[in-house]
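Fold and contact review
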Amino acid sequence: MREFGMKPVLPAFAGHAPYRFKELYPEAQITQSSRWAYFPDGNCCVAFIEPEDPLYTQLTVSFASKLLEYFGPNDHLYSADQFNEMEPS
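Residues numbered from 1 in each chain as written. Predicted model: local features only at pLDDT ≥ 70, side-chain atom pairs only at ≥ 80, totals over all residues. Heavy atoms only, no water.

1. Comments concerning the overall build of the protein chain
Along its length, the protein chain carries two helices and five strands. Along its sequence from the N terminus, the protein chain presents helices and strands in the succession β-β-α-β-β-α-β. Across the 89 residues that make up the protein chain, the buried fraction comes to 27%. (Helix = DSSP H or I, 4+ residues; strand = E, 2+ residues; numbered from the N terminus. Buried < 20%, exposed > 50% of the residue type's maximum accessible area, 1.4 Å probe, protein only.)

Structure below.
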């Protein structure tokens, strides 16, 4: 990609978390999205780690370091997008 003069945009950690994170990190600020489209629990709703929580920073650093390890130095372009359906906590 870089050979063609293109700058890659890598994904940033947006805070998405598995539901089990609430069990593994009971002190973490984890918000579950509101129910939508009448889907059952197994197919609905996502959990997000709040950006103010130290766990968010820890996972962001870990995620970014793995990206750099895998893709090498980048041009510091990242994309993070939470769902706009989320209500602020």
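2. Observations regarding a nonpolar patch on the surface
Taken together, Met1, Phe4 and Met6 make up a surface patch of nonpolar side chains, about 380 Å² in accessible area. Following the sequence through the fold, Met1 ends up in the segment before strand 1 (10–11). (Patch = residues over 30% accessible without salt bridge, like charges linked within 9 Å, V, L, I, M, F, W, Y side chains within 5 Å. Areas by Shrake-Rupley, 256 points an atom, 1.4 Å probe, with all protein chains shown as cover. Salt bridge = Lys/Arg side-chain N within 4 Å of Asp/Glu carboxyl O.)

3. Examining helix 2 (residues 54–71)
Taking 1.5 Å per residue as the helical rise, helix 2 with its 18 residues ought to reach 26 Å, and the 26 Å between its terminal C-alpha atoms agrees with that figure. Of all the residues in helix 2, the buried ones are Leu55, Tyr56 and Leu67. Projected onto a plane normal to the axis of helix 2, the buried residues spread over an arc of 100 degrees and lie on a single side. For helix 2, exposure combined with an orientation more than 90 degrees from the buried face picks out Pro54, Gln58, Val61 and Glu69. Where the residues of helix 2 are buried, they touch strand 1, helix 1 (21–24), strand 4 (47–49) and strand 5 (78–79). Measuring from the side-chain oxygen of the N-cap residue of helix 2 to the backbone nitrogen of Leu55 gives 2.8 Å; that N-cap residue is Asp53. Looking one or two residues beyond helix 2, the residue adopting positive phi is Gly72, at roughly 80 degrees. (Expected span 1.5 Å × (residues − 1). Arc of directions from axis to C-beta. Contact = heavy atoms within 4.5 Å. Polar contact = N/O pair within 3.5 Å; in protein donor to acceptor, adjacent residues only side chain to side chain.)

4. Here we look at the environment of Thr57
For Thr57, the position within the fold is in helix 2. Residues Thr57 and Phe13 lie 44 residues apart in sequence; the distance between their C-alpha atoms is 9.4 Å.

5. Remarks on the nonpolar core
Within the largest apolar cluster, nine residues are counted, these being Phe13, Ala17, Phe21, Ala28, Ile30, Ala47, Ile49, Leu55 and Tyr56. Going through the elements one at a time, strand 4 and helix 2 are the ones with two or more residues in this core. For Phe13, the contacting residues outside a window of four places in its chain are Ile49, Tyr56, Leu59, Thr60 and Phe63. (Core = buried A, V, L, I, M, F, W, Y, C linked by side-chain atoms within 4.5 Å.)

6. Structural notes on the pattern of salt bridges
Per the stated rule, a full pass over the model turns up two salt bridges. Here Glu69 makes a salt bridge to Lys66, at a shortest N to O gap of 3.8 Å. Taken as a pair, Glu69 and Lys66 lie in helix 2 at a separation of three residues, close to a single helical turn. With respect to class, Glu69 is no different from Lys66; both count as exposed.

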